[in-house]
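Residue-level listing of the chains:
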Amino acid sequence: MKTKLRHIAIIGLITTFAACSKDKNTETEPKITTGGFSAKVENVNFETLTVAALADVTDGHSITLNATGKNEKGILLSIPTQTGTFSSEEDDEVSAIYSENVDKLWMSDLENGKTTVTMTKFDQGSKKMSGTFSVTAPAYGPSGATGTKTITGSFTDVSFTLVND
């Protein structure tokens, strides 16, 4: 049940990012950029179009990093707001979703999935973060996705927006 609720919450975050990038009347809008993010999906370069990050340092202590790519592809990472190495095997705050054509999803918090993130910089003053990540994400069957996606990447001085800042 916890996993199912998490999936719903994460999919809701994807929708939130899409809405925030277009709606100028939202309370907290993530800063959208094109630089500082690179990834490979199955050893093929992910062609990044935009990157946005939203950090909650009050209650949730987590960052949602969303990268959109060409051909309706996306990578969404949920990671803690501190430096260090974190794994989904030990921390519920760490997870990833990879999407293709908006509707096909691969999720690291499914059985046999894993996300590892090393946050090398989290600076609330400059609102920038850097780190690396690796993801093994099995297909979320109801979405029509199949197989498992392996993703590796990094983010360097990516700007983030603080919730309610």
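Note that this is a predicted model, so its numbers are computed, not measured.

Chemist: It is not clear to me how the pattern of salt bridges should be interpreted in this structure. Could you clarify?
Modeler: Side chains that differ in sign of charge can pair as their charged atoms come close. A full pass over the atoms with the stated rule returns 4 salt bridges. The salt bridge involving Glu-47 is made with Lys-70; its shortest N-O contact spans 3.3 Å. Remark: Lys-70 occurs in the loop between β5 (62-69) and β6 (73-80) and Glu-47 occurs in the loop between β3 (44-45) and β4 (48-56); sequence separation between them is 23 residues. Of the residues examined, Glu-47 reaches a relative accessible area of 44% and is grouped as partly exposed. Lys-114 is the partner of Glu-89 in a salt bridge, and the nearest nitrogen-oxygen pair spans 3.4 Å.

Chemist: Honestly, the side chain of Glu-100 in this entry has me stumped. Any pointers?
Modeler: Positionally, Glu-100 belongs in strand β8 (residues 95-100). Among the polar contacts listed, one links the side chain of Glu-100 to the side chain of Tyr-98, at a separation of 3.0 Å. Excluding its chain neighbours within four sequence positions, the residues that come into contact with Glu-100 are Glu-72, Lys-73, Trp-106 and Lys-149.

Chemist: How do you make sense of the sheet that holds strand β10 (residues 114-123) when you look at a structure like this?
Modeler: Pairing between the strands of a sheet is mediated by backbone hydrogen bonds and can be parallel or antiparallel. Pairing is antiparallel in the open sheet, where 6 strands are placed in the order β3-β2-β12-β11-β10-β7. Of all the strands in the sheet, just β3 and β7 (84-87) have a single pairing partner and so form its edges. Strand direction decides the pairing type here: strand β2 (residues 37-41) and β3, joined by 2 bridges, are antiparallel. Residue pairing in the sheet places Val-41 in a bridge with Val-44 of β3.

Chemist: Could you clarify how one ought to interpret the confidence of the model for the protein chain in this entry?
Modeler: Low pLDDT marks stretches whose predicted atomic positions should not be read closely. Looking at the protein chain, pLDDT values average 83 and 77% of them are 70 or higher. Taken as a whole, residues 1-26 scores under 50 in pLDDT and shows 33 contacts with residues more than four places along the chain or in a different chain.

About the cut-offs
Residues numbered from 1 in each chain as written. Predicted model: local features only at pLDDT ≥ 70, side-chain atom pairs only at ≥ 80, totals over all residues. Heavy atoms only, no water. Salt bridge = Lys/Arg side-chain N within 4 Å of Asp/Glu carboxyl O. Helix = DSSP H or I, 4+ residues; strand = E, 2+ residues; numbered from the N terminus. Buried < 20%, exposed > 50% of the residue type's maximum accessible area, 1.4 Å probe, protein only. Polar contact = N/O pair within 3.5 Å; in protein donor to acceptor, adjacent residues only side chain to side chain. Contact = heavy atoms within 4.5 Å. Pairing = 2+ DSSP bridges. pLDDT = per-residue confidence, 0-100.

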